[in-house]
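Okay, here's what each chain looks like letter by letter:
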Amino acid sequence: MILYSLEEVPLWLQRSTNYNFTCTVKRKLERFKIIEERQNVIEPTKPLYQSIKGKWRAEYFKNDAPITLELACGRGEYTIGLAKIFADKNFIGVDIKGERIWKGSTAAVEENLSNVAFLRTQILLIENFFQAGEVDEIWLTFPDPRPRKRDIKRRLTSPRFIELYKKLTKSGSYIRLKTDNTKLFEYTVEEMSTRNDIADFRFTNDVYNSDLRDECFDIKTRYEREFAAKGETIKYLRFRFKEEN
Ligand SMILES: C[S@@+](CC[C@H](N)C(=O)[O-])C[C@H]1O[C@@H](n2cnc3c(N)ncnc32)[C@H](O)[C@@H]1O
């Protein structure tokens, strides 16, 4: 068998599907190894993964500043973008995919952002990581639309998720959704319109031609760029849970 160093791999072999697959797997494993050693990623291999609930300010950020979550963060563009604008606040990107988190965590290291963390978990398990009222704001950035009827309960704006967000956040906290997907957006607007525990509910089908634009700081995620390039308008809504008496 002929053994090549990576630089010497002949072109015909580089073009083969198997070779590309092997490279993708190799790159993924390298990135998983990096985030395993990175302080700004909380994932199952780390001690903080078991103990961080209720202690993000004291044990991770070491300050008393508000905490914003970006759920389904992917590469964490909102986490990074907002952390750069609001150096006096804390930001946590949450996603299940390690390779995407690697990207955001690398940006945070390169930009020297100590107010950023990434949490690798299923969003449905988020209560394991945050105490009631520990969170001050939630962004949902281009979550999967889950168009099938049987997947309605997996939409990140379905009632069981909204109840979770209500538990985690202080009363008065804003929840914000940005999406390209008309059906998910309409579903969410309808769901929110039936609730009597929310206030300051506003929405737009075209955020870049709306007075709500400033609330989004013109931060564009990977999915936003892709869908905008295909001609989709970007939808945005926000509301907050009413203050309890
Ligand atoms: C369409 S992508 C959007 C990524 C990013 N926010 C963007 O706009 O580019 C949806 C992301 O949600 C993550 N995701 C979907 N369901 C999830 C779940 N139940 N728990 C954690 N992450 C989830 C996926 O891994 C993926 O990165």
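Cut-offs used in this document
- Residues numbered from 1 in each chain as written.
- Predicted model: local features only at pLDDT ≥ 70, side-chain atom pairs only at ≥ 80, totals over all residues.
- Helix = DSSP H or I, 4+ residues; strand = E, 2+ residues; numbered from the N terminus.
- Buried ≥ 20, exposed ≤ 12 C-beta atoms within 10 Å, placed from the backbone.
- Contact = placed C-beta atoms within 7 Å.
- Near = placed C-beta within 6 Å.
- Core = buried A, V, L, I, M, F, W, Y, C linked by C-beta atoms within 7 Å.
- Pairing = 2+ DSSP bridges.
- Axes fitted to C-alpha atoms, helices over the stretch in contact; angles between N-to-C directions.
- Expected span 1.5 Å × (residues − 1).

We now examine the overall build of the chain. Across its full length, the chain carries nine helices and eight strands. If one aligns the C-alpha atoms of the chain with their principal axes, the spans along those axes are about 75 × 45 × 35 Å. Expressed as a percentage of its 245 residues, the buried residues of the chain come to 33%. Summarising the internal contacts of the chain: among those between residues at least 6 apart in sequence, 74% fall at separations of at least 24.

Around the ligand there are 18 residues in total, and Ala72, Gly74, Phe142, Thr221 and Tyr223 lie nearest to it. With three residues, helix H9 (residues 222-229) is the largest single contributor of residues to the shell around the ligand.

Now for the nonpolar core. Of all hydrophobic cores here, the largest spans 44 residues; its most connected members are Leu69, Leu71, Ile92, Val94, Leu119, Ile138 and Leu140. If near-sequence neighbours (up to four positions away) are discounted, Val94 is found in contact with Leu69, Glu70, Leu71, Cys73, Leu119, Thr121, Ile123 and Ile126.

A separate point is the pairing of strand E2 (residues 67-71). Across the five residues that make up E2, a large majority, five, are buried. Both faces of E2 are covered, namely the face carrying Ile67, Leu69 and Leu71 and the face carrying Thr68 and Glu70. Bridge count for E2 against strand E3 (residues 90-95) is five bridges, and the pairing is parallel. Each bridged residue has a counterpart across the sheet, and for Glu70 the counterpart in E3 is Gly93. Where E2 and strand E5 (residues 135-141) come together, four bridges link them in parallel fashion. When the bridges of E5 are listed, Leu71 appears paired with Leu140.

Another point: the environment of Arg75. Structurally, the position occupied by Arg75 is in the loop between E2 and helix H5 (77-85). Using a count of 22 C-beta atoms within 10 Å as the deciding quantity, one classes Arg75 as buried. Counting along the chain gives 22 residues from Arg75 to Lys97, while the straight-line C-alpha distance between them is 9.3 Å. Beyond its immediate chain neighbours, meaning those up to four positions away, Arg75 contacts Arg100, Lys103, Gly104 and Arg222.

Quick look at the sheet that holds E2 now. Within the open sheet, the eight strands sit side by side as E1-E4-E3-E2-E5-E6-E8-E7. Their pairing is mixed. Two strands close off the open sheet at either side, each with one partner strand: strand E1 (41-42) and strand E7 (198-204). Sitting on the sheet, helix H6 (residues 98-110) is in contact with E1, E3 and strand E4 (116-120), with an inclination near 170 degrees to E4.

For the rest of this paragraph, the subject is H6. With 13 residues, H6 extends 18 Å from end C-alpha to end C-alpha; this agrees with the ideal 18 Å at 1.5 Å per step. Among the residues of H6, those classed as buried are Arg100, Ile101, Trp102, Lys103, Gly104, Ser105 and Ala108. Once H6 ends, the next one or two residues include Asn112, with phi positive near 60 degrees.

You will see that Phe142, though not glycine, has its phi angle at about 50 degrees, which is positive. Checked against the element boundaries, Phe142 lands in the loop between E5 and helix H7 (159-168). Positive phi, close to 60 degrees, is recorded for Phe217, a residue that is not glycine. If you trace the backbone, Phe217 turns up in the loop between E7 and H9.

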